[in-house]
Amino acid sequence: MIIFQTDSVEMPAIDDKKISSWLKDVAHSYGKRVGDLCYRFCSDDVILDCNRQFLNHDYFTDIITFDYCEGNRISGDMLISLDTVASNAHQLGVDYDRELLRVIVHGVLHLCGFHDKEPGEREEMEAAENKALDLIGI
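Since this is a predicted model, take the numbers as computed values, not measurements.

The rules behind these values
Residues numbered from 1 in each chain as written. Predicted model: local features only at pLDDT ≥ 70, side-chain atom pairs only at ≥ 80, totals over all residues. Heavy atoms only, no water. Disulfide = S-S within 2.5 Å. Buried < 20%, exposed > 50% of the residue type's maximum accessible area, 1.4 Å probe, protein only. Helix = DSSP H or I, 4+ residues; strand = E, 2+ residues; numbered from the N terminus. Contact = heavy atoms within 4.5 Å. Core = buried A, V, L, I, M, F, W, Y, C linked by side-chain atoms within 4.5 Å. Salt bridge = Lys/Arg side-chain N within 4 Å of Asp/Glu carboxyl O. Pairing = 2+ DSSP bridges. Axes fitted to C-alpha atoms, helices over the stretch in contact; angles between N-to-C directions.

(A) Quick peek at the state of the cysteines. Applying the stated criterion to the full structure yields zero disulfides. This cysteine, C38, is not joined by any disulfide, and C42 carries the nearest cysteine sulfur, 11 Å off. Not part of a disulfide, C69 finds its nearest cysteine sulfur in C112, a span of 7.6 Å. Judged by relative accessible area, C69 falls into the partly exposed class, the value being 26%.

Structural data, given as structure tokens:
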């Protein structure tokens, strides 16, 4: 089950069913099946508090992914700051909706085993994000 909810922000205009189907297709393309995914959209303040409390990081980020995967079944909670998504879209000169979808699939890609902290990993993650965006037609 894939759930989209908000915390202190307005729900973005997304097609829940289309995005859920897309995320399942992305996971399937990596040999995974979707268990329970919960996306919670929030503000920078909320994600900063979460970053400090759970990860000992003192900075804003677009997404935090909590991994509850078991075997080939991906499950997790994703916290997405819509403030940072908007800021990133502006800085990168890309459409807000495209950036939001990129961040949404970024969480699933983490659950599928992609990382982005070490040299070379970021490029692999970006390639996977672009491949996924092609699946949804963006």
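After that view of the structure, there is still more to cover.
(B) The arrangement of the environment of L79 in detail. Secondary-structure assignment places L79 in strand β4 (residues 73-81). For L79, a relative accessible area of 5% corresponds to the buried category. With 37 residues separating them along the chain, L79 and C42 place their C-alpha atoms 7.0 Å apart. For L79, the contacting residues outside a window of four places in its chain are R40, C42, V46, I47, C50, D62, I63 and I64.

(C) Molecular detail of the nonpolar core. Counting 33 residues, the largest nonpolar core has W22, L23, Y39, F41, I80 and I104 as its most contacted members. Secondary structure elements with two or more residues in this core: β1 (2-6), α1 (16-29), β2 (33-42), β4, α3 (82-92), α4 (96-111) and α5 (121-136). By residue number, the principal contributor to this core is α4, which donates eight residues. Not counting residues up to four positions away in its chain, the partners in contact with Y39 are I2, I3, F4, Q5, L23, M78, I80, I104 and V108. The next biggest cluster of nonpolar side chains, apart from the first, holds six residues, and it includes C42, V46, I64 and L79.

(D) The arrangement of the environment of N88 in detail. In this structure, N88 sits in helix α3. The exposure class of N88 is buried, given its relative accessible area of 19%. With 19 residues separating them in the primary sequence, N88 and G107 have C-alpha atoms 16 Å apart. If we ignore the near neighbours within four places in the chain, the residues touching N88 are D62 and E99.

(E) Structural view of the pattern of salt bridges. Tallied over the entire structure, the rule returns seven salt bridges. Here D62 ties to R102 by a salt bridge, and the two come within 3.2 Å at their closest N and O atoms. Taken as a pair, D62 in the loop between α2 (44-55) and β3 (63-67) and R102 in helix α4 lie far apart in primary sequence, 40 residues in all. Each member of the pair D62 and R102 is classed as buried. Look at the salt bridges and you will find they share partners, linking D62, E99, R102, D116, R122, E126 and E129 into a network.

(F) Main features of the sheet that holds β1. Read across the sheet, four strands follow the order β1-β2-β4-β3 without closing on themselves; strand pairing throughout is mixed. In this open sheet, the two edge strands, each paired with only one partner strand, are β1 and β3. Pairwise comparison of adjacent strand axes, ignoring direction, gives a mean angle of 15° for this sheet. As judged from the five bridges shared by β3 and β4, these two strands associate in the antiparallel manner. Bridge pairing links T65 to M78 in β4. The strands touched by α2 within the sheet are β2, β3 and β4, with β3 carrying the most contacts at an inclination of about 45°. On top of the sheet, α3 reaches β2 and β4; it is set at about 75° to β4, its chief contact.

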